[in-house]
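If you want the building blocks of each chain, they are given just below.
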Amino acid sequence: MNQPTLKLDVVDSCCSDAKCCPPASTGRRGFIKATGLSAAMLLAGRSGVMAGPFADSELDHPIPADKKLSKQWIESLYARGNPMTATGDDLKYIGMPINGVCTGQVYLGGDGRLWRWNLDGARDFKKETPKGPRFLEPDVAASSMSQGFALQVGGVGSKKTHTLDENGFANVTFTNHYPMATVDYVDPECPVSVKLEACTPFIPLNRDDSSFPVIVMRYTIANTSESEQEVAIAGWIENVSNRKSGAKAKGKKHCVYRELDGISTVECFANLDNAKLKRSADHGNIALGLLGDDRPTIVDIDRGQPGADGIFDAETNELEHRQVSTQDFARRGFAAMGQTLSLPPGESQTVTFTLSWRFPNVEYSRVFGRKTSLGVNHYATQFSTAADAARTVAAKEEQLLGATQAWTDTWYDSTLPYWFLERTFVTLNCVQTQTGQRLAKGQEPEHYNFDEGVKCCPGNCTHVWHYAQGLSRIFPQIERENRDKVEYGLGFDPKTGSIRFRYTDPKFGDAIDGNCGTILRVLRESQMTADHTFLQRLWDRTRLSMDHVIAKWDPDEDGLLEGSQHNTLDEPWFGQVHWLINLYHAALKASAVMARQMNEPNVARRYDAIVAKGVPGMVDLLWNDDFGYFIHKPGPGKDEGHGSTNGCHIDQILGDSWLWNLGIEGVLPKDKVRQTLESLWKYNFAPDVGLFREKMTDGRWYAAAGNAGLIMCSFPYGKVEPKSGKKSYAGYLNECMTGFEWQVAAHMIWEGMVEKGLAIGKAIYDRYLPQDRNPYNEIECSDHYSRAMASYGAYLAICGYRYDGPQQKLAFGPRLAPNRFRAAFTTAAGWGSFSQTAGDAKQTAAIDLRYGTLDLKELSLDRVEGTMANQVNVVVDGDPLSTSFQQIENRYVIEFDPSVRLDAGQKMEIHIT
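Just so you know, these numbers come straight off a predicted model, no measurement behind them. (Residues numbered from 1 in each chain as written. Predicted model: local features only at pLDDT ≥ 70, side-chain atom pairs only at ≥ 80, totals over all residues. Heavy atoms only, no water.)

Considering the overall build of the protein
Going by this rule: In this text, helices come from DSSP runs of H or I with a minimum length of four residues, and strands from runs of E with a minimum of two, each type numbered from the N-terminal end. Two things to know: the radius of gyration comes from C-alpha atoms, and the globule rule equals 2.2 Å times the number of residues to the power 0.38. Whether a residue is buried, partly exposed or exposed follows from its accessible area with a 1.4 Å probe, protein chains only, as a fraction of its type maximum: under 20%, in between, or over 50%, in that order. Per-residue accessibility takes into account occlusion by the displayed protein chains alone, with areas from the Shrake-Rupley method and a 1.4 Å probe. Charged residues are defined here as Lys and Arg on the positive side and Asp and Glu on the negative side; His and the ends of the chain fall outside this count. Working definition for charges: the position is that of NZ of Lys, CZ of Arg, CG of Asp or CD of Glu.
Helices and strands together make up the secondary structure of the protein, namely 21 helices and 40 strands. In terms of overall dimensions, the protein is globule-like: its C-alpha atoms have a radius of gyration of 28 Å, near the 29 Å expected for 913 residues. Counting only C-alpha atoms and orienting by the principal axes, one finds that the protein spans roughly 85 × 70 × 60 Å. Here the protein, with 913 residues, has 64% of them falling under the buried criterion. When the accessible surface of the protein is split by element, carbon and sulfur atoms take 47% of a total near 31400 Å². Distance between charge centroids for the protein: 5 Å, based on 97 positive and 113 negative side chains.

Things to note about helix α14 (residues 601-622)
An α-helix turns once per 3.6 residues; consequently, residues spaced three or four apart project the same way. The test is simple: A helix is expected to reach a length of 1.5 Å times the quantity of its residues less one. Here, two residues are considered to be in contact whenever any of their heavy atoms come within 4.5 Å of each other.
With 22 residues, α14 extends 31 Å from end C-alpha to end C-alpha; this agrees with the ideal 32 Å at 1.5 Å per step. For α14, every residue scored as buried is listed here: A604, Y607, D608, I610, V611, G614, V615, M618, V619 and L622. Elements in contact with the buried residues of α14: α12 (533-553), α13 (578-597), β25 (623-624), β26 (629-630) and α16 (670-684).

Here's the deal with unusual backbone geometry
The peptide bond linking G52 to P53 adopts the cis configuration, its omega dihedral lying at 5°. Here P53 lies in the loop between β2 (49-51) and α2 (56-59). Geometrically, the link from Y178 to P179 is a cis peptide bond, its omega value of 15° lying close to zero. Despite not being glycine, C457 shows a phi value in the positive range, around 65°. Residue placement: C457 occurs in the loop between β24 (447-450) and α8 (462-465). Residue class for C457 comes out buried when judged on its relative accessible area of 5%. Of note, D840 is a non-glycine position whose phi angle comes to about 55°, a positive value.

Regarding the pattern of salt bridges
Spelled out, the test is: By definition, a salt bridge exists where a carboxyl oxygen of Asp or Glu is found within 4 Å of a side-chain nitrogen of Lys or Arg.
If you walk through the whole model with that rule in mind, you get 57 salt bridges. The partner of R116 in a salt bridge is D139, with the nearest N and O atoms 2.5 Å apart. In this pair, R116 sits in strand β6 (residues 114-118) while D139 sits in the loop between β6 and β7 (148-153), placing the two residues 23 residues apart along the sequence. Taken as a pair, R116 and D139 share a single burial class, namely buried. A salt bridge links E397 to R218, with the nearest nitrogen and oxygen atoms 3.6 Å apart. Of this pair, E397 sits in helix α6 (residues 397-412) while R218 sits in strand β12 (residues 214-223); the two residues are 179 residues apart in sequence, bridging distant segments of the chain.

Overview of the packing of aromatic side chains
Here is the rule: When two rings of Phe, Tyr or Trp (its six-membered ring) have centres within 6.5 Å they constitute a pair, described as stacked for plane angles under 30 degrees, edge-to-face for angles over 60, and tilted for the intermediate range. A positively charged side chain is recorded as over a ring if its NZ (Lys) or CZ (Arg) lies within 6 Å of the ring centre. The angle to the ring normal must also be within 35 degrees.
Here the structure, examined in full by the defined rule, presents 45 aromatic pairs. With centroids separated by 6.1 Å and ring planes inclined at 75°, the aromatic side chains of Y629 and Y683 adopt a geometry described as edge-to-face. Residue Y629 is located in strand β26, and its partner Y683 is located in helix α16; the two are separated by 54 residues in the primary sequence. For the residue pair Y629 and Y683, the accessibility class agrees, reading buried in each case. With 5.8 Å between their ring centres and 40° between their planes, F885 and Y892 make a pair best called tilted. An aromatic cluster of at least three residues, connected via ring pairs, comprises F174, Y178, F202, W407, W411, F425, F475, Y776, Y792, Y795, W831 and Y851. Between the NZ or CZ atom of K253 and the centre of the ring of F329, over which it lies, the distance is 5.4 Å.

What to know about the side chain of T200
Quick reminder of the rule: Between N or O atoms, a polar contact is any pair within 3.5 Å; within protein, one atom must be a potential hydrogen donor and the other a potential acceptor, and residues adjacent in sequence are included only when both atoms are from side chains.
Counting through the fold element by element, T200 comes out in the loop between β11 (192-199) and β12. The exposure class of T200 is buried, given its relative accessible area of 1%. At 2.7 Å, the side chain of T200 and the backbone oxygen of V214 are in polar contact.

Topic: the pairing of strand β34 (residues 830-839)
Which entries qualify depends on this criterion: Pairing between strands is defined by DSSP: at least two bridges between the two strands are required.
Here strand β33 (residues 820-826) pairs with β34 via seven bridges, running antiparallel. Pairing of F821 across the sheet is with Q836, part of β34. Pairing of β34 with strand β35 (residues 842-862), which is carried by 10 bridges, proceeds in the antiparallel orientation. Looking across to β35, one finds that Q836 is bridged to A845. What sits between β34 and β35 in their antiparallel hairpin is a turn of two residues, with D840 showing a positive phi close to 55°.

The following block contains the structure:
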């Protein structure tokens, strides 16, 4: 059943910094009228009926306690399903970031075109704002730069050109395999079909080989006719160097043709008479390459028009290596390259292109507003030209693309539902956008500069980024460098231990949640290393920052916070704040673990003692047994009433959720944790967010009428209005922001509430169906928002993954279908696939390492119900290992003496009988 997309008007004023004005709500009646639905059903996105039937009287309550989820929708939570595909009109919003990590921003569109080229860091001030307007008003694929590919089929007198996009083929189908994707082109008027496989090198644990400014476009052309076909395929690029900054400049545009080892390239650049323009962010070069040793049969380095017209007329016969064309700067310049093929019936051939670039300078924000700084892209220091970057990829093509394909195959070769695999992984793409830049050494050391979202809210914001779990597991080196160089470097006060929550601007102080979240991240980053070297380097600074938190917010060490507590909701809260206290306790627990690892037991005992006091204090003071959740007790001052007060707040047990990611037991009583999560489901999960927003009108729209979502804060027992603070910030409590939602979903899965956790994630998936918006862009306060990487925490939870690299301990405890389970995993130095089966009182598992190495002293497996363990047999490639074995509660623990190392290609099999 298809539902018309409902557009809501966004107020287009009074927005600055993180402030936002709310849009007007259409309300339940408006939604029902617009969609043609009765009150008997509700839809989530356009995936089908999600919930109902509801009586009109039930819909007068904005968040019904009984969600009445349909049997069909619940089944969709568990179904393996298929990869996300799109065709026809559903292609228009798709934009998959496809460039290397921190090398700019380029989208692969649904029809295979490349769009949203942003290689200079320029900001779209209309859409890249804290209001996140692209959720309600998603952009349709378009590009200001002319670039594309085309196909010509037929002999003399019968040649026909098809652009490789939705205009050139009647049937185009996009299929997600992020970080790869395929686009299939079929047309009854064309005797050949084409399959595009597009990617950039993307290899978990290998940051450098995943940071090329190079896109690989591999076209496989198949002759579907009964006669031989003459085929030509070619691409073109535009010379965009200094297009904005050099509007009145004098100089020349150039294009050079090169024949390099394993690749031929045409590269466009500019030669200007103004040295200042060479320092502009839009000064650079862009290259089109053709992989292989064969000389291209089509080359044009002096092309004067965009598009495919005449592109197949140029030949290479007279071109020589390093031949250069020259054009007036005022003239638009283009270059083209391609290859001709002869295809017998039923045969196919593959032609592989590269798009590469080198734009040395980049605009990035250090403060709010339109003022930007100019930095140097690190990747530009690694390659002398765009063609050099493509040549480097060509030289390692088999290695780079083979490992990328191996990871993609490993990730999706799983028993988990495709929707879950996609939604928990695609959020990693934020580091392939202008959300982040890797800046070369200049006045500051080389470091990663991360906004919260694309060109929005600068400074590696600690109270946002600590929610993100994915980057630390896929590219842990990036997170380690950020801890060392940013939070405990550029943003650190070595005298006090304070960490600015935005490193770029001294006017920003420290946020309690940002400080505590950073401490938790230090332990996580240490666990994703092979030894304690990283922790030894950071421990003194980490301990100092933990002590600073205690001295500033808990001076009497009773485990309860006091004073002004700035946090991610952008205003200080006062009094006893449940979620900040719980996060503080989690940081103390993590610090105690690190203190023991650094042989400082007295420090650890001090931290543990504070938690021992604080947990019962928090429960006694803030647990409301009648409500079934923790409340916030504001401060007594006239300006201290801002916060969630008696509401059911989404993050109220955030600290316990965080500890699951570290393999540390939570601090709160289990019954209170479970009841809190049940209350969040009962009071905050709305099958139709529009009904809630009809009553609670403040806030931004990241879930539209008809979408389901987990509301930030509900007030089932009557709302206590805030007595202080900016009203726009109070609107945050009414929103659906995916990073917060994923945090709760992960916690529910860890605690055994699998179906409800999956439902929250599936609601997000449904909101981002390609029919309605770009499925690769989870929006919260601008595009590709970093907090959305909390989704990977839900993946870790479903796997029951726990890992400590220095201790060489690895554990799994699948929460979904543990008797037949398979999923990818990463460790400090290797990744692969974990699988498990159970039946007839036996449990069997396997670790198939596909990349790198894995050192193990201990492997733990959660016991599958119905198994009976007496012994274990472990073999690697058929050779038995010496082990000791014990069952501790519901966990099987296998120890290796000596420790065992697995190399890529090896498989460990575990038989528990």
